[in-house]
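Chain by chain, the residues:
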Amino acid sequence: MDLETDISKALRAGVAICLAFLLVGTALVFINSGADGYTIDQIVSNASTINSSGFSLVEIVSGLARLDGLSFIFVGLMVLIATPIIRVLMSIFAFAMERNWLYTVITIIVFIDLMVAIFVVPQFIHGMISTTRLP
Amino acid sequence: MSFLVYFMLLLVVGVAAGFVGSLSGLGGGVIVIPALTVLLGVPIQYAAGASLIATIATSSGAASAYVKDRLANIKIGMSLEIATTLGAIAGALIAAAIYAKGLFHIIFIIFGIVLLSSILPTFMQYKRSGWKKLNTDWTTKFFQLEGKYYDSSERRTIRYFGYRWWLGEAVMALAGIISGLLGIGSGVLKVIGMDWGMKLPMKVTTSTSNFMIGVTAAAGSSVYWALGYIQPFIAAPTVIGIIVGSFAGSRILNRSKVSKIRLFFMIILAIAAVEMILRGLKVL
């Protein structure tokens, strides 16, 4: 089970990459006094309406080239969410290599659950967002 | 409040939550949410979003430790993840429906109750040691619910079996719902599911639960992301703080006995729980 050691290294690497993106992104927001056309006061506030629902993946990735602070933070958070998912993916191969087919199937089911959470559920909650309000 | 002060406060709250979460064994989320909402007035959706995503970092960061000791049972954890991930999706959607109706006080009350009931088993689990019963049933064989670990205090390898997989799975569905609903790791419920439900040894349940928390939180966070509960500049200092705080906490945990510190923090958490309930009941 040496793959387990590799998996734990991958997990720690994921957290380290996330941390690096968050630190750079935070620094950029302060240096540029804002990001993506918003002022720092609009971004850093309890009542801020700037959140994860308002940005597409294309916007976030293209923001990296412009050294946009928010893009760096969003990428860091995406890396964090991806970390355990990659772990599940690696486990599928680990169980398949052991020829443990029951657990290969079980792990594939967990992976499908995660894909549903990322790609399917957002499709039908899209209309719900407009009704979400802050206290 | 100037943005720099606000940012520093978020960072300090994150560090403190990570530190206390690691020392108490409750995790950062259950602490950071009352701190952000009650102390700093952060909207509860944003507090839950920052907390849930930070939970992934603490779970993944601690992975090296449990892999080295071979304590976590990846098979048992993975088989239970089917229920926790689906539960987390359901819980996040229930939260969205509650927030859409503006019923924030319901979340505060549920949170307070969950926090209060989390404190009790944490006290009990330290008194228990060893694993005696050798219960098995058809799920033991079918789902390969077995393993072994080296107990450093007893200086021997302990072989164990789990049973009642279906009961573990049912408790995990609830743990997933609570995780998605409140934005916490719900590690205590996961431990109860494996300890009380499946009769696994405590050392195995705590590290397996820690492994599972990251996967559960990834499912919940993805739904939170689409719902817009992740405010980047509230999440970033919280995540950074919790990583730093829990790392420091785990270092101290290894070095010394912390039962008195733990008792102190438990009392603080009980007060925070009561405060959440009172806020929910609109007394505060």
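The structure we're discussing is the one just above.
In what follows, the accompanying structure is described. All values reported here derive from a predicted model rather than from experimental measurement. (Residues numbered from 1 in each chain as written. Chains lettered and ligands numbered in written order. Predicted model: local features only at pLDDT ≥ 70, side-chain atom pairs only at ≥ 80, totals over all residues. Heavy atoms only, no water.)

Quick word on the packing of aromatic side chains
Reasoning step 1: Tallied over the entire structure, the rule returns 14 aromatic pairs over all chains.
Reasoning step 2: Between phenylalanine 21 of chain A and phenylalanine 72 of chain A the ring centres are 5.7 Å apart and the planes differ by 35 degrees, which places this aromatic pair in the tilted class. In this pair, phenylalanine 21 of chain A sits in helix α1 (residues 2–31) while phenylalanine 72 of chain A sits in helix α4 (residues 69–97), placing the two residues 51 residues apart along the sequence.
Reasoning step 3: Here phenylalanine 21 of chain A falls in the partly exposed class, since its relative accessible area comes to 23%.
Reasoning step 4: Aromatic rings pair up to connect Tyr99, Phe104, Tyr224 and Tyr229 of chain B into one cluster. (Phe/Tyr/Trp six-rings, centres within 6.5 Å; stacked < 30°, edge-to-face > 60°. Helix = DSSP H or I, 4+ residues; strand = E, 2+ residues; numbered from the N terminus. Buried < 20%, exposed > 50% of the residue type's maximum accessible area, 1.4 Å probe, protein only.)

Some details on the packing of helix α9 (residues 187–197) of chain B against helix α10 (residues 202–227) of chain B
Each pair of packed helices can be summarised by the angle the axes make with each other and by the distance between the axes.
All names here are of chain B.
Reasoning step 1: Two elements in contact, α9 and α10, have axes whose closest approach is 9 Å; the angle formed by their N-to-C orientations is 130 degrees. With respect to each other, α9 and α10 are oriented oblique. Where α9 crosses over α10, the two elements pack in a sense that is right-handed. Counted together, Gly187, Lys190, Val191, Met194 and Asp195 of α9 and Met202, Thr205, Thr206, Thr208, Ser209, Met212, Ile213 and Thr216 of α10 form the full contact between these two elements.
Reasoning step 2: When the residues that make up the contact of α9 with α10 are grouped by side-chain class, the tally is five nonpolar, six polar and two charged. (Axes fitted to C-alpha atoms, helices over the stretch in contact; angles between N-to-C directions. Parallel < 35°, antiparallel > 145°, perpendicular 65-115°, else oblique. Left-handed = near helix turned anticlockwise from the far one by under 90°. Contact = heavy atoms within 4.5 Å. Nonpolar A, V, L, I, M, F, W, Y, C, P; charged D, E, K, R; others polar.)

A closer look at the pattern of salt bridges
Where charged atoms of side chains with opposite charge meet at close range, the side chains can pair.
Residues and elements named next belong to chain B.
Reasoning step 1: The full count for this structure, using the stated rule, is one salt bridge over all chains.
Reasoning step 2: The partner of glutamate 146 in a salt bridge is arginine 159, and the shortest N-O contact between them spans 2.9 Å. A residue pair is termed long-range when its members are at least 10 positions apart, and glutamate 146 in strand β1 (residues 146–151) and arginine 159 in strand β2 (residues 156–161) qualify at 13 residues. (Salt bridge = Lys/Arg side-chain N within 4 Å of Asp/Glu carboxyl O.)

Observations regarding the interface of chain A and chain B
Reasoning step 1: At the junction of the two partners, chain A supplies 64 residues and chain B supplies 65 residues.
Reasoning step 2: Counting the contacts that link chain A with chain B gives zero salt bridges.
Reasoning step 3: Counting the contacts that link chain A with chain B gives 10 residue pairs in polar contact (both at pLDDT 80 or more).
Reasoning step 4: The set of elements that each furnish at least two residues to the side of chain A that touches chain B consists of α1, α2 (40–43), α4, α5 (101–124) and α6 (126–129) of chain A.
Reasoning step 5: Here the residues of the side of chain A that touches chain B sort into 42 nonpolar, 16 polar and six charged. (Polar contact = N/O pair within 3.5 Å; in protein donor to acceptor, adjacent residues only side chain to side chain.)

Things to note about the pairing of β2 of chain B
Residue and element names in this part refer to chain B.
Reasoning step 1: Where β1 and β2 come together, six bridges link them in antiparallel fashion. By the bridge assignment, aspartate 151 is partnered in β2 with arginine 156.
Reasoning step 2: The antiparallel pairing of β1 with β2 creates a hairpin that spans four residues between the two strands, and arginine 155 there sits at a positive phi of about 55 degrees. (Pairing = 2+ DSSP bridges.)

What about the side chain of threonine 216 of chain B?
Residues and elements named next belong to chain B.
Reasoning step 1: Tracing the chain through its elements places threonine 216 in helix α10.
Reasoning step 2: Within the structure, the side chain of threonine 216 is placed 3.4 Å from the side chain of glutamate 81, a separation counted as a polar contact.
Reasoning step 3: Beyond its immediate sequence surroundings of up to four residues, threonine 216 is in contact with Glu81, Thr84, Ala88, Gly176, Ser179 and Lys190.

Regarding α5 of chain A
Residue and element names in this part refer to chain A.
Reasoning step 1: Spanning 24 residues, α5 covers 33 Å between terminal C-alpha atoms, matching the ideal 34 Å at 1.5 Å per step.
Reasoning step 2: Residue valine 116 marks the point of greatest curvature in α5, where the axis turns by about 40 degrees.
Reasoning step 3: Looking only at α5, the buried set comprises Tyr103, Thr104, Ile106, Thr107, Val110, Phe111, Asp113, Leu114, Ala117, Val121 and Pro122. (Expected span 1.5 Å × (residues − 1). Bend = angle between axes of the 7 residues up to and from the residue.)

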